[in-house]
Each structure stands twice: as structure tokens, then as C-alpha cells.
Amino acid sequence: MMKRWFVGALLALAAGTAAAQAFPSKPVTLIVPWPPGGSTDIVMRALAEATQKYLGQPVVVENRPGAGGTLGAVAMLKAQPDGYTITQIPLGVFRVPHLQPTPYNPLTDLTYIAGVSGYTFGVVVRTDAPWKTWGDLVAFAKANPDKIAYGTPGANTSLHITMEEIGYTQGIKWTHVPYKGNAENMAALLGDHINVAADATGWGAHVDAGKMRLLVTWGAQRTKRWPNVPTLKELGYGIVSNSPYGIAGPKGMDPQVVKVLHDAFKKGMEDPIHLQALEKYDQELVYMSSEDYAKFARDTFNAEKATMERLKAQMK
């Protein structure tokens with residue numbers, strides 16, 4: 001009986017190893033939890049296009065927008081851990097569980113493959129708006145409670161949380177209007193449905209074309225593209241926000257499959273197709289190995305818990 005069990009175990013292990021060695025034998029689906037046409041979607045499609053050259057199979061992007069970018073993580077609960085369905089992981093995946101019940105646990109339900117990049121965030125208004133600087137906007141918002149409506153690409157995103165934290169610390173009451181992504185947010189601002197938009201650099205072309213005015217950016221330093229625009233940090237807010245993101249799959253993935261995906265995506269990240277897309281949206285590579293990205297996930301989950309508890313205490 002013991003011999004039969006041992007032989008069965010060896011056969012199962014050999015079958016699993018053979019399957020991993022054969023990976024991939026069909027297209028890989030990459031879930032992008034944002035709408036088509038936004039900055040994240042465009043960059044992730046460029047990454048998919050670049051990566052498939054090194055993976056040897058197509059990488060097919062599937063958009064699942066909504067729920068603050070967490071629907072990709074939710075999809076991993078039902079996905080087979082065979083490497084053929086993976087997802088982009090925005091920072092909100094680590095934050096939302098501290099705000100409301102979620103079906104997934106980012107520490108136990110995901111296999112982390114690689115860290116990819118982060119964003120350049122900023123706040124824009126239309127060029128016909130009366131606010132020439134960030135200070136002008138803050139002064140107006142303080143003096144006129146609930147008169148400013150600001151848009152973001154979703155509730156509980158880093159953009160939403162940061163704007164609310166600014167509002168609280170500055171004594172501002174403004175109205176948040178969540179959209180399903182950058183494209184909707186930009187259309188709402190241009191259409192005069194909101195006064196202000198906080199977003200990643202999907203606004204860049206509009207700023208350069210003179211349709212929008214960039215008031216502030218949220219990085220550690222000023223951007224190369226808009227060097228005359230100050231950062232929140234230098235204006236004394238003590239805030240740096242760039243929301244690093246990466247790629248993960250379901251729990252229980254074969255380590256050899258993870259390595260194949262990691263190696264192909266790392267080459268894809270460094271490919272000119274992806275690097276040009278990053279440059280277009282003023283992003284930089286924030287590469288992390290599978291091990292480093294898993295550690296980042298644990299550290300970020302704990303840090304977001306502390307941040308949410310602090311914000312809840314502030315707003316009581």
C-alpha cells in the first residue's frame with residue numbers, strides 16, 4: 001500500500017513538472033481592472049504586447065473596471081492556478097480590505113509574480129478655471145465649502161484617499177465624484193461636470209494642448225515634463241504618492257510557472273514598446289522580483305491598515 005502511494009505521488013509530481021515545463025501552450029489572459037483607453041490600460045497593453053514576444057504565446061488583455069481596481073484580485077479566486085489567468089494589482093487591492101469586507105485576502109489568495117511600475121499623479125483644472133495655482137484652489141475651497149467637485153478614477157483609490165486627507169488636514173469640504181477610470185474622469189472635467197480632476201498623467205496631452213492646467217504633482221521630485229509645477233511635498237504637505245503596481249495570479253501556482261511568467265514579463269518591462277508607453281505617461285520602472293513583490297504586498301497591506309485607522313480617527 002505504501003509503495004503504491006509513493007509511486008502515485010511520484011507520478012503526480014512528474015505530471016505537474018511536465019505541465020510546468022510545457023507552459024505556456026496557449027494564450028495567457030491578463031486582467032486589467034480599469035476601463036479601455038485610460039493610461040493604465042494603454043501601458044498594460046504595451047506591456048502585454050512586449051511580453052508575448054518572450055513568452056511565446058499571446059498575452060490577451062481583458063478589462064474588468066470597477067470596485068476601485070480590485071476586480072482583478074477578485075477574479076483570481078475562481079481562476080485556475082495554472083498561469084493562464086493573471087491580473088494587474090493596483091495599490092487599492094491592499095487598501096480596500098481595511099475599508100470594507102472583500103472576498104479576497106491579498107496575503108493568502110494571490111501569487112505575486114513581479115512589480116512593474118508606478119504613477120505620476122497630479123491635480124488639473126480646465127484652463128478657463130479661475131485657479132492659477134494649487135494655493136488658489138485650496139484658498140477657494142476653504143472659503144467655499146462643498147463648492148468644489150473633484151473627480152478621480154475610482155473610490156478608495158490612492159487619488160481619492162489623498163484628496164480626502166488633504167481636505168481633512170486643510171479644513172476643506174469638497175465633493176468626491178468617482179469614475180471608472182482616467183478616460184471618464186478626463187471627459188467629465190472637459191465637459192464641465194466637475195471642477196477638478198486628480199489622476200495619473202492621462203491628463204498630460206490635455207495639459208500640453210492648453211486645455212487643462214496642472215496645479216501640483218505628487219511625486220518626490222518635480223517631473224521632467226512639467227518642471228515648473230510644484231509637488232505636494234515641497235509645498236509642505238509631507239505627501240508623496242505614486243502607487244506602485246505589479247502582476248499576480250491565483251494562490252497555489254507552480255513556482256516554475258511563476259518563474260516563466262516573471263522572466264518573460266521582466267523582459268517585456270525592459271522592451272522599448274513598454275518603455276515608450278511608460279515615458280508617454282511619465283512613469284518609471286519600479287521592478288520587483290517575485291519575492292520582493294510578495295514582501296512589498298505584506299508591508300503595504302500593513303501600512304495601509306495603519307493609514308486607514310489614522311484617517312478614521314482624524315475624521316471622527
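Residues numbered from 1 in each chain as written. Predicted model: local features only at pLDDT ≥ 70, side-chain atom pairs only at ≥ 80, totals over all residues. Heavy atoms only, no water.

## Some points on the overall build of the chain
For the chain, the count of helices and strands is eleven helices and eleven strands. In terms of overall dimensions, the chain is globule-like: its C-alpha atoms have a radius of gyration of 21 Å, near the 20 Å expected for 316 residues. If one aligns the C-alpha atoms of the chain with their principal axes, the spans along those axes are about 80 × 45 × 30 Å. Taken across its 316 residues, the chain has 52% of its residues classed as buried. A fraction of 74% describes how many contacts in the chain between residues 6 or more apart in sequence connect residues 24 or more apart. Of the side chains in the chain, 31 bear a positive and 27 a negative charge, and the two mean positions are spaced by 4 Å. (Helix = DSSP H or I, 4+ residues; strand = E, 2+ residues; numbered from the N terminus. Rg over C-alpha atoms; globule rule 2.2 N^0.38 Å. Buried < 20%, exposed > 50% of the residue type's maximum accessible area, 1.4 Å probe, protein only. Contact = heavy atoms within 4.5 Å. Lys, Arg positive; Asp, Glu negative; His and termini not counted. Charge placed at Lys NZ, Arg CZ, Asp CG, Glu CD.)

## Let's talk about unusual backbone geometry
Between F23 and the following residue, P24, the backbone shows a cis peptide bond with an omega angle of -5°. Tracing the chain through its elements places P24 in the loop between helix 1 (2-22) and strand 1 (28-32). You will see that S243, though not glycine, has its phi angle at about 50°, which is positive. Look at S243 and you get buried, because its relative accessible area is 7%.

## Some remarks on the sheet that holds strand 11 (residues 285-288)
If you trace the six strands from one edge of the open sheet to the other, you get 2-1-3-10-4-11, paired in mixed fashion. The sheet is open, and its two edges are formed by strand 2 (59-63) and strand 11, each paired on a single side. Between one strand axis and the next, the sheet turns through 30° on average, direction left out of account. Note: strand 3 (residues 85-89) against strand 10 (residues 245-250), three bridges, orientation antiparallel. By the bridge assignment, T87 is partnered in strand 10 with A248. Of the strands in this sheet, strand 1, strand 2, strand 3, strand 4 (110-117) and strand 10 touch helix 2 (residues 39-55), which is tilted by about 160° from strand 2. Here helix 10 (residues 272-280) sits on the sheet in contact with strand 4, strand 10 and strand 11, set at roughly 130° to strand 11. (Pairing = 2+ DSSP bridges. Axes fitted to C-alpha atoms, helices over the stretch in contact; angles between N-to-C directions.)

## Some points on the packing of aromatic side chains
Under the defined criterion, the tally for this structure stands at twelve aromatic pairs. For the pair W134 and Y237, a centre-to-centre distance of 6.2 Å together with 70° between the ring planes defines the contact as edge-to-face. Taken together, the positions of W134 in helix 5 (residues 134-143) and Y237 in the loop between strand 9 (212-217) and strand 10 put the pair 103 residues apart, joining distant regions of the chain. Residues W134 and Y237 agree in their burial class; the two are buried. Here the aromatic residues F94, Y112, Y293 and F296 are joined through ring pairs into a cluster of three or more. Sitting above the plane of the Y84 ring, K26 keeps its charged end 4.7 Å from the centroid. Stacked on the ring of Y287, the Lys or Arg K266 has its end atom at 5.0 Å from the ring centre. (Phe/Tyr/Trp six-rings, centres within 6.5 Å; stacked < 30°, edge-to-face > 60°. Lys NZ or Arg CZ within 6 Å of the ring centre and 35° of its normal.)

## Looking at helix 9 (residues 255-269)
Spanning 15 residues, helix 9 covers 20 Å between terminal C-alpha atoms, matching the ideal 21 Å at 1.5 Å per step. Those residues of helix 9 that sit buried are V257, V258, L261, H262, A264, F265, G268 and M269. With a side-chain oxygen lying 2.7 Å from the backbone nitrogen of Q256, the N-terminal cap of helix 9 falls on D254. (Expected span 1.5 Å × (residues − 1). Polar contact = N/O pair within 3.5 Å; in protein donor to acceptor, adjacent residues only side chain to side chain.)

## Here's the deal with the nonpolar core
Ranked by internal contacts, the top residues of the largest apolar core, which has 56 residues, are V123, W134, W174, W218, L261 and F265. Counting residues in hydrophobic clusters, the runner-up holds 18 residues, among them L91, Y104, M288 and Y293. (Core = buried A, V, L, I, M, F, W, Y, C linked by side-chain atoms within 4.5 Å.)

## Brief notes about helix 10
The α-helix winds at 3.6 residues per turn, so residues separated by three or four positions along the chain end up facing the same way. Within helix 10, the full set of buried residues consists of H274, A277 and L278. Buried residues of helix 10 fall within an arc of 100° about the axis and therefore sit on the same side. Those residues of helix 10 that are exposed and angled more than 90 degrees off the buried face are Q276, E279 and K280. Those residues of helix 10 hidden inside the fold are in contact with helix 2, strand 4, strand 10, helix 9 and strand 11. The N-cap of helix 10, judged by a side-chain oxygen 2.9 Å from the amide nitrogen of I273 a few residues on, is D271. Phi for D282, located one or two positions after helix 10, is positive at around 55°. (Arc of directions from axis to C-beta.)

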